[in-house]
Amino acid sequence: MKLCRMIPLLGLATLSAATAFPLRDKPDVFFKPGPETPAGLSATTPYPRGSRFFFCLAGEPNPAQQAKARALGVSLLGPEGKDNASIGCTVGIDRREGELVYADAASLEKELQTQLSPVAANPAITFWNLKPGSFNSRIPKERTYLQVASRTIEKLDPLKRPIWTFIPAEANTAVLSRMAPWISYLGKSLEITPPKDGNRLAVLWNMERAVEAIHETTAQSTPVATLVQMPARDAAELQRFVRHDLYLSFLTGAKGVISLPSANEQKGAFLDAVLAIAEELLGEKEIGPVLLFGEPREDLQVDVVDGPTELETVLPDGSATRYATVSHRDLAYGKNRYLLLVNSANAPVTVMIGGMPYNAVNAENLLAREGIIPVAEGEFECDLKPLEVKLFRLTRR
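Peer 1: I'd like a rundown of the pattern of salt bridges, residues and numbers included.
Peer 2: All told, the structure shown has 18 salt bridges when counted by the stated rule. Salt-bridge contacts for K68 lead to E279; the nearest nitrogen and oxygen are separated by 3.1 Å. Of this pair, K68 sits in helix α3 (residues 63-72) while E279 sits in helix α9 (residues 267-282), and the two are 211 residues apart along the sequence. For E279, a relative accessible area of 39% corresponds to the partly exposed category. Note that E208 and R209 form a salt bridge whose closest N and O atoms lie 3.7 Å from each other. Residue class for E208 comes out partly exposed when judged on its relative accessible area of 25%.

Peer 1: Before we move on, can you summarise the environment of T395 with the specific residues and values?
Peer 2: Turning to its location among the elements, T395 is positioned in strand β25 (residues 389-396). Residue class for T395 comes out partly exposed when judged on its relative accessible area of 23%. When the C-alpha positions of T395 and L248 are compared, they lie 23 Å apart, and in sequence the two are 147 residues distant.

Peer 1: With reference to specific residues and values, describe the sheet that holds strand β23 (residues 372-375).
Peer 2: Strand order across the open sheet formed by 6 strands is β15-β19-β20-β25-β22-β23, with antiparallel pairing between neighbours. In this open sheet, the two edge strands, each paired with only one partner strand, are β15 (295-296) and β23. In terms of strand pairing, β15 meets strand β19 (residues 326-333) through 2 bridges, oriented antiparallel. Paired with P296 across the bridge in β19 is L331. Here helix α8 (residues 235-252) sits on the sheet and contacts β19, β20 (336-343) and β25; the angle it forms with β20, its principal contact strand, is near 130°.

Peer 1: Any details on the side chain of E109? Residues and values, ideally.
Peer 2: With respect to the helices, strands and loops of the structure, E109 is situated in helix α4 (residues 105-116). Judged by relative accessible area, which is 18%, E109 ranks as buried. Among the polar contacts listed, one links the side chain of E109 to the side chain of K155, at a separation of 2.7 Å. Ignoring any residue separated from it by four or fewer positions in sequence, one finds E109 in contact with V148, R151, T152 and K155.

Peer 1: Requested: an account of the packing of aromatic side chains, with residues and values cited.
Peer 2: Tallied over the entire structure, the rule returns 12 aromatic pairs. Ring plane angle 85° and centroid distance 5.0 Å describe the contact between F30 and F31, whose orientation is recorded as edge-to-face. With respect to burial, F30 and F31 carry one shared label: buried. Following the ring pairs from residue to residue traces out a cluster consisting of F53, F55, Y247 and F250. Between R200 and the ring centre of F241, over which it is positioned, the NZ or CZ distance is 4.2 Å. The cationic tip of R337 hangs over the ring face of F30; the distance from NZ or CZ to the ring centre is 4.2 Å.

Peer 1: Can you lay out the packing of α3 against α9 for me, pointing to particular residues and giving the numbers?
Peer 2: Put simply, α3 and α9 touch, their axes get as near as 11 Å, and they point 20° apart. Between α3 and α9, the interaxial angle falls into the category roughly parallel. The element α3 and its partner α9 pack so that their crossing is left-handed. From α3, Q65, K68, A69 and L72 reach across to α9, where they touch G268, L271, D272, L275, A278, E279 and L282.

Peer 1: Just give me the short version of α8, but keep the residues and values in it.
Peer 2: The terminal C-alpha atoms of α8, which comprises 18 residues, lie 26 Å apart, in line with the 26 Å expected from a rise of 1.5 Å per residue. α8 sits mainly inside the fold: 14 of its 18 residues count as buried. Of the residues that open α8, the one with a side-chain oxygen 3.2 Å from the backbone nitrogen of A236 is D234. Backbone geometry just after α8 places G253 at a positive phi near 130°.

So, how was this worked out
- Residues numbered from 1 in each chain as written.
- Predicted model: local features only at pLDDT ≥ 70, side-chain atom pairs only at ≥ 80, totals over all residues.
- Heavy atoms only, no water.
- Salt bridge = Lys/Arg side-chain N within 4 Å of Asp/Glu carboxyl O.
- Helix = DSSP H or I, 4+ residues; strand = E, 2+ residues; numbered from the N terminus.
- Buried < 20%, exposed > 50% of the residue type's maximum accessible area, 1.4 Å probe, protein only.
- Pairing = 2+ DSSP bridges.
- Contact = heavy atoms within 4.5 Å.
- Axes fitted to C-alpha atoms, helices over the stretch in contact; angles between N-to-C directions.
- Polar contact = N/O pair within 3.5 Å; in protein donor to acceptor, adjacent residues only side chain to side chain.
- Phe/Tyr/Trp six-rings, centres within 6.5 Å; stacked < 30°, edge-to-face > 60°.
- Lys NZ or Arg CZ within 6 Å of the ring centre and 35° of its normal.
- Parallel < 35°, antiparallel > 145°, perpendicular 65-115°, else oblique.
- Left-handed = near helix turned anticlockwise from the far one by under 90°.
- Expected span 1.5 Å × (residues − 1).

Such coordinate-based values are descriptive only and should not be taken to indicate function.
In structure tokens:
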């Protein structure tokens, strides 16, 4: 069965062609060039200091995974680097009986200076991991800690690298807004409890909160996906979950990934799944620059024509909300257009993709070998398996 196919246009007798398809005979408008990677940004430095999509693996990957990570420019989370690998350097203090252990702001700054001074100039460090994480910014002592740590790192770091800390899934926009001025890689855990129908739309809600917090506070933070290893029946299901959750995060605005595995038998499969996505974004397909620098466009139309159109999902606080089953993002990068589709239903759906000029577009799914689709009449139909992701590159004929 073909997964995507052209279809004839039917049922449009009540609309003029110009009204129904405003770009049908305007390929120059549709393919108006989008931005490209800004000149002067280092291709080997993670965003936003450079043009490389940020990925980090925690949890001591095995030697083969570490080698692949180094080859791709993926960071490893740890206190020190080996073989000049890109690393996330952990700094900070611990809690004792639930309370951060420091006397006052001056002693805290001195302790942080002691930790930072020997490593601050190390170019292998890509970001700072501020421990212990899970901060409660409503508590004055924790708020002071965040302020002093952020200020001290910024003062001592000659390269002004980002700061990340773990933020649990239950954090809402208000919590993230209080964190945004001090945490430059901002994103709470994407951990979810799927409803009975198995949809994973709560991932979208979680990622939206970080993006919303940054916009509300005008903080100079970058939204990142904090992906905690999720329970799965087997490696194949785990791979589907990782692919769905990360691409849905990218669609929502995430510009980086920090992956946190569990110490169980599926840890290796989880890290392999994350590395597979990293290879798509950082390898020959060069999807990363599209997601980082592509310009949002709104002329493509995506409609579910078979399967559930919207679903209810459970949020971390126990409440529920409804989202469209299929999320999409329409981007222009360079001379081409791109359409990212994510089916969050644990069920197949069929979508109609329209709004393109006639006889001017070829569509190709960059995430699978499905061949080139010549879009003759401005639209084509596409099947999506449960939790499937497709990224179409739309090129001019």
